[in-house]
Amino acid sequence: MEGPVPDGDLPESLPVQQAAAWLGVSPHTIRYYERQGLLPAPARSGNNWRHYGSAHAKRLAFIRQGRGLGMSLQEIKTLLRCLD
């Protein structure tokens with residue numbers, strides 16, 4: 001498990017590198033969770049860069065808590081569907 005998610009909200013509209021540093025995960029982890037359907041697609045800037053906000057941070061914290069409890073990504077995905 002990677003570093004802790006900060007208590008404060010993620011500033012809106014951070015590119016993936018900055019969001020990853022803020023959240024204590026790698027950009028690869030964020031992109032992987034997107035591909036798996038666990039994180040919603042982020043907004044895109046004019047240059048087509050992904051930009052993440054506090055909703056992504058909260059969802060990532062939920063995913064990481066589930067993983068910390070030994071849940072599979074499929075189990076977490078099922079729970080997220082129930083919460084949406």
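Just so we're clear, the structure is a prediction, and the values are computed from it rather than from any experiment.

What follows covers the packing of helix α3 (residues 54-68) against helix α4 (residues 73-83). Between α3 and α4, the shortest axis-to-axis distance is 10 Å and the interhelical angle comes to 135°. Viewed along their axes, α3 and α4 adopt a mutual orientation that is oblique. The handedness of the crossing between α3 and α4 comes out as right-handed. Along its contact with α3, which presents R59, F62, I63, G66 and R67, the element α4 presents L73, I76, L79, L80 and L83. Across the contact of α3 with α4, the residue classes break down as seven nonpolar, one polar and two charged.

Along the chain, I76 turns up in helix α4. The spatial distance from the C-alpha of I76 to the C-alpha of F62 is 8.5 Å, given a sequence separation of 14 residues. Not counting residues up to four positions away in its chain, the partners in contact with I76 are L38, F62, I63, G66, R67 and M71.

One key point about sheets: their strands pair by backbone hydrogen bonds, in either a parallel or an antiparallel sense. An order of β1-β3-β2 is seen for the three strands of this open sheet, with the pairing classed as antiparallel. Two strands close off the open sheet at either side, each with one partner strand: β1 (14-15) and β2 (43-44). Bridge analysis of β2 against strand β3 (residues 50-52) gives two bridges, and the strand direction is antiparallel. Across the sheet, A43 pairs through a bridge with H51, a residue of β3.

Next up on the list: the side chain of R59. Structurally, R59 is set in helix α3. When its relative accessible area of 18% is taken as the criterion, R59 is described as buried. Within the structure, R59 has its side chain in polar contact with the side chain of D84 (distance 2.5 Å). Setting aside anything within four residues of it in sequence, one finds R59 in contact with L38, L39, P40, L80 and D84.

Calculation rules
- Residues numbered from 1 in each chain as written.
- Predicted model: local features only at pLDDT ≥ 70, side-chain atom pairs only at ≥ 80, totals over all residues.
- Heavy atoms only, no water.
- Axes fitted to C-alpha atoms, helices over the stretch in contact; angles between N-to-C directions.
- Helix = DSSP H or I, 4+ residues; strand = E, 2+ residues; numbered from the N terminus.
- Parallel < 35°, antiparallel > 145°, perpendicular 65-115°, else oblique.
- Left-handed = near helix turned anticlockwise from the far one by under 90°.
- Contact = heavy atoms within 4.5 Å.
- Nonpolar A, V, L, I, M, F, W, Y, C, P; charged D, E, K, R; others polar.
- Pairing = 2+ DSSP bridges.
- Buried < 20%, exposed > 50% of the residue type's maximum accessible area, 1.4 Å probe, protein only.
- Polar contact = N/O pair within 3.5 Å; in protein donor to acceptor, adjacent residues only side chain to side chain.

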